[in-house]
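What the coordinates show
Now for the letters of each chain:
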Amino acid sequence: MRHVWDNLIGNAIKFSPQGGLVRIRLTEQENKIIFTVEDNGPGISEEAKKHIFDKFYQADSSHKQEGNGLGLALVKRVLLITGGQIEVGNRNSGGCRFTVTLEE
């Protein structure tokens, strides 16, 4: 699970502007643990959302030297193995939100 947290928080930092905001939230709802990471970066296009968890996919080529496109694919795999789920979306005010749901 450490890879999940490291990757999601690291991506939020990487894609936020200098001096940007990264918000991390942990809540409990109906016997589920909800972990949310939000940033105020550029967000994710609708096309990129379709492929963001695919191996080797990189939506933003400007950060290509900082990764190989495996991080989110591994996050998705870890969560599938542990019975968790992940969702991605854009924030209304800009930036993106990743939400991980785990059973208690």
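Notes on the structure follow. (Residues numbered from 1 in each chain as written. Predicted model: local features only at pLDDT ≥ 70, side-chain atom pairs only at ≥ 80, totals over all residues. Heavy atoms only, no water.)

Turning next to the side chain of T99. Relative to the helices and strands, T99 resides in strand β4 (residues 96-103). Dropping the residues within four chain positions of it, T99 is found in contact with I34, F35, T36, Q85, I86 and E87. (Helix = DSSP H or I, 4+ residues; strand = E, 2+ residues; numbered from the N terminus. Contact = heavy atoms within 4.5 Å.)

Below, the discussion takes up helix α1 (residues 2-15). With 14 residues, α1 should cover 20 Å at 1.5 Å per step; its first-to-last C-alpha distance of 20 Å lies within 8% of that length. Residues of α1 that are buried in the fold lie against β1 (22-29), β2 (32-39), α3 (71-82), β3 (85-90) and β4. (Expected span 1.5 Å × (residues − 1).)

Attention shifts here to the packing of aromatic side chains. As enumerated under the stated definition, the model contains two aromatic pairs in all. A ring pair is formed by F53 and F98, whose centres lie 6.4 Å apart and whose planes are at 85°; its orientation type is edge-to-face. Within this pair, whereas F53 is found in the loop between α2 (46-51) and α3, its partner F98 is found in strand β4, the two being separated by 45 residues in sequence. You can call F53 buried: its relative accessible area is 19%. For F98, a relative accessible area of 7% corresponds to the buried category. Against the face of F53 rests K76, its NZ or CZ located 5.3 Å from the ring centre. (Phe/Tyr/Trp six-rings, centres within 6.5 Å; stacked < 30°, edge-to-face > 60°. Buried < 20%, exposed > 50% of the residue type's maximum accessible area, 1.4 Å probe, protein only. Lys NZ or Arg CZ within 6 Å of the ring centre and 35° of its normal.)

Take the pairing of β4 next. The buried fraction of β4 amounts to six of the eight residues, a majority that puts the element mostly inside the structure. Pairing analysis gives six bridges linking β3 to β4, with the strands arranged antiparallel. Along β4, the bridge assignment pairs Q85 with T101. What sits between the antiparallel neighbours β3 and β4 is a turn of five residues, in which G94 has the positive phi angle 105°. (Pairing = 2+ DSSP bridges.)

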